[in-house]
Amino acid sequence: RAVAMSVSHSSRLNKLVREQYMRLPQDGRVQVTYVWIDGSGEGVRCKSRTLDKEPKSIEDVPEWNFDGSSTAQAEGSNSDMFLVPVCMFRDPFCLDPNKLVLCEVLKYNRKPAETNLRHTCKKVMELVKDSHPWFGMEQEYTLLGINGHPYGWPDNGFPGPQGPYYCGVGADKVYGRDIVESHYKACLYAGVKICGTNAEVMPSQWEFQVGPCEGIEMGDHLWMARFILHRVCEDFGVVATLDPKPMTGNWNGAGCHTNYSTEEMRREGGLKHIEAAIEKLSKRHDYHICVYDPRGGRDNSRRLTGHHETSNIFEFSAGVANRGASIRIPRQVGQDGYGYFEDRRPAANCDPYAVTEAIMRTTVLNETGVETKDYAEH
């Protein structure tokens, strides 16, 4: 008997019919899809417009606006918000010459919207640019059916315990690989700096990695990779959740482990600079926990329990090759004496702008305590 999978109605529309229209010529005009972060700080929104010719750089893409009262970013009486293009990618859904454009959101008075965390991140990255910070972020996510239940799990019950699923192969071990491989190809086409993917410890949980990226580029590329993921999942009729603990009980949560180095850490003898940075991070644990998820640490409190390859949210720890620590120094880095380290605390639904900015404020700008310095006047 055929099993009715929990997929959306839209995914069952005839894709061959769609293909017929997608092949039609555009007569030199170009579709540009503007993408932005909404008032939740987690969701992405998009809308499209026609340009008369292909934009060659981000400067060729005009500002636009949207109704902020419908995205939890403004009230109806003063609802227009500005979309300011900041980073352009090829469009893997409508194909060349069409574009995806990531935007910052500004309010009516041209001040950044509350969830526009890119604005201050860019200022901080400009201040620390001589240290050449490199980041690589490991985005874990879980595939859900349209009913909110993990995709491929039994309707009434659970799959077998964790063990065979991580980097697994086989129809009884992994669910949804078509989505993962489609997302990977779409990111490569778009120009997103995706660098890998694998099945994760919990069945229906996956990870992709973006990087290395320098400075502000990390947040730009991870947010676009997330948009492409949600858009690919839409085509397949399932949902990707970045919830840090989508299933309670003896199941792994989802993080966004952040690998980081500066130029001096990557050079011979860099281990002492890595250790100095970790020492600074150890004294500012509470501040980092507050910015490592959109709810001031409440989301991460469900995940960072000290179990399931996590550290305890209340304690800072560091170690070589230790996946139960706040900060992990890879074994190879310990042997070589230089390289990078991994902050394992950020939640899957973190804002990469907030995470990378916080790391730079603490390790390079030498901020301490829970308050951040305003560098606007410089």
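Model, not experiment: these values are computed from the prediction.

Undergrad: Would you mind showing me how to read the packing of helix 3 (residues 177-190) against helix 4 (residues 217-236) here?
TA: Packed helix pairs are characterised by how far apart their axes lie and by the angle those axes make with each other. Look at helix 3 against helix 4: their axes get within 9 Å of each other, and the N-to-C directions meet at 135 degrees. As the angle between them shows, helix 3 and helix 4 are arranged oblique. As for how helix 3 packs across helix 4, the hand of that crossing is right-handed. The residues of helix 4 that touch helix 3, namely those facing Asp178, Ile179, Ser182, His183, Ala186, Cys187 and Ala190, are Ala225, Ile228, Leu229, Val232, Cys233 and Phe236. The class makeup of the residues in the contact of helix 3 with helix 4 is 10 nonpolar, two polar and one charged.

Undergrad: Would you explain a nonpolar patch on the surface in this entry?
TA: Judged by side-chain polarity, Val17, Tyr21 and Leu24 come together as a nonpolar surface patch covering roughly 310 Å² of accessible area. Locating Leu24 in the fold gives a position in the loop between helix 1 (15-22) and strand 1 (30-37). Classification of Leu24 as exposed rests on a relative accessible area of 52%.

Undergrad: Whenever I open this one, the sheet that holds strand 3 (residues 64-67) confuses me. Can you help?
TA: Through backbone hydrogen bonds, the strands of a sheet pair up, either in parallel or in antiparallel fashion. A sheet is described by the order of its strands in space; here five strands give the open sequence 2-1-5-4-3, paired in mixed fashion. Here the strands that pair on one side only, and so sit at the sheet edges, are strand 2 (44-51) and strand 3. Averaged over all pairs of adjacent strands, the angle between their axes in this sheet comes to 40 degrees, without regard to strand direction.

Undergrad: Even after reading the chapter, I still don't get the domain arrangement of the chain, so can you show me in this structure?
TA: For interface size, the figure often reported is the accessible area lost on association. Examined at the domain level, the chain breaks down into domain 1 (9-115) and domain 2 (125-364). Distance from the C-alpha centre of domain 1 to the C-alpha centre of domain 2: 26 Å. Of the residues lining the interface, 22 residues belong to domain 1; the matching set on domain 2 comes to 23 residues. Taken as a group, Glu42, Phe89 and Phe93 account for 33% of the area that domain 1 buries against domain 2, more than any other trio of residues on that side. Where domain 1 packs against domain 2, one counts one salt bridge. At the boundary of domain 1 and domain 2, one finds five residue pairs in polar contact (both at pLDDT 80 or more). When contributions to the side of domain 1 that touches domain 2 are tallied by element, the ones reaching two or more residues are helix 1, strand 1, strand 2, strand 4 (80-90) and strand 5 (99-106). A breakdown of the residues in the side of domain 1 that touches domain 2 according to their chemical character gives 12 nonpolar, four polar and six charged.

Undergrad: Can you walk me through the pattern of salt bridges in this structure?
TA: Working definition: two side chains of opposite charge can pair if their charged atoms are close together. According to the stated counting rule, one finds 23 salt bridges in the structure shown. Residue Glu54 pairs with Lys56 through a salt bridge whose shortest N-O separation is 3.6 Å. For the salt bridge of Arg118 with Glu104, the shortest nitrogen-to-oxygen distance reads 2.9 Å. Here Glu104 lies in strand 5 and Arg118 lies in helix 2 (residues 118-127), a separation of 14 residues in the sequence. Each member of the pair Arg118 and Glu104 is classed as buried. Ionic contacts of the salt-bridge type, sharing partners, join the residues Glu42, Asp243, Arg295, Asp299 and Arg302 into one network.

Undergrad: Would you mind going over the packing of aromatic side chains with me for this structure?
TA: For any two aromatic rings, the description comes down to two numbers: the centre-to-centre distance and the angle of the planes. This structure, assessed with the given rule, holds eight aromatic pairs. With a centroid separation of 6.0 Å and an interplanar angle of 50 degrees, the aromatic rings of Tyr141 and Phe208 are classed as tilted. Highlighted residues: Tyr141 in strand 6 (residues 134-144) and Phe208 in strand 8 (residues 205-214), separated in sequence by 67 residues. For Phe208, a relative accessible area of 1% puts it in the buried group. Taken together, Phe135, Tyr260 and Phe341 form an aromatic cluster joined through their ring pairs. Note that Arg49 overlies the ring of Trp64, its terminal NZ or CZ placed 4.9 Å from the centroid. Stacked on the ring of Trp223, the Lys or Arg Arg226 has its end atom at 4.8 Å from the ring centre.

Conventions used here
- Within every chain, residues take consecutive numbers counted from 1 along the sequence as written.
- With pLDDT at 70 or above as the cut-off, local features in this predicted model cover only qualifying residues; side-chain atom pairs require 80 or more to be listed or tallied, and sums for whole chains, interfaces and linings still use all residues.
- Side-chain measures here rest on the full set of heavy atoms in the structure, leaving out hydrogens and waters.
- In this analysis an axis means a line fitted to C-alpha atoms, helices contributing only their contacting stretch, and an angle means the value between N-to-C directions, from 0 to 180 degrees.
- Each helix is a run of DSSP H or I of at least 4 residues and each strand a run of E of at least 2, with the numbering of both proceeding from the N terminus.
- Roughly parallel refers to an angle under 35 degrees, roughly antiparallel to one over 145, roughly perpendicular to one between 65 and 115, and oblique to any angle outside these ranges.
- Take the far helix as the reference: if the near one is turned anticlockwise from it by less than a right angle, the crossing is left-handed, and if turned clockwise, right-handed.
- Contacts are residue-level and defined by heavy atoms, with any inter-residue pair within 4.5 Å sufficient.
- When residues are sorted by character, Ala, Val, Leu, Ile, Met, Phe, Trp, Tyr, Cys and Pro go into the nonpolar class, Asp, Glu, Lys and Arg into the charged class, and all the rest, Gly among them, into the polar class.
- Exposure above 30% relative accessible area and the absence of a salt bridge qualify a residue for a patch, where like charges join within 9 Å and nonpolar side chains (Val, Leu, Ile, Met, Phe, Trp, Tyr) within 5 Å.
- Accessible areas in this description were obtained via Shrake-Rupley with a 1.4 Å probe; residue shielding takes into account the shown protein chains only.
- A pairing counts as a salt bridge when a side-chain nitrogen of Lys or Arg comes within 4 Å of a carboxyl oxygen of Asp or Glu.
- Each residue gets one of three labels from its accessible area relative to the maximum for its type: buried under 20%, exposed over 50%, partly exposed in between, using a 1.4 Å probe on protein chains only.
- A strand pair is defined by DSSP finding two or more bridges across the two strands.
- Domain start and stop points were drawn from an automatic or database domain assignment.
- As a working definition, buried area equals the accessible area (1.4 Å probe) given up by two parts on being put together, with both sides summed.
- Here a polar contact is recorded for every N or O atom pair within 3.5 Å, except that within protein the pair must consist of a potential hydrogen donor and a potential acceptor, and residues adjacent in sequence are included only if both atoms are side-chain atoms.
- Under the pairing criterion, centres of Phe, Tyr and Trp rings, with the six-membered ring standing for Trp, must be within 6.5 Å; the plane angle then separates stacked pairs below 30 degrees from edge-to-face pairs above 60, leaving the rest tilted.
- Here, a charge over a ring is recorded when the distance from Lys NZ or Arg CZ to the ring centre is within 6 Å and its angle to the ring normal is within 35 degrees.

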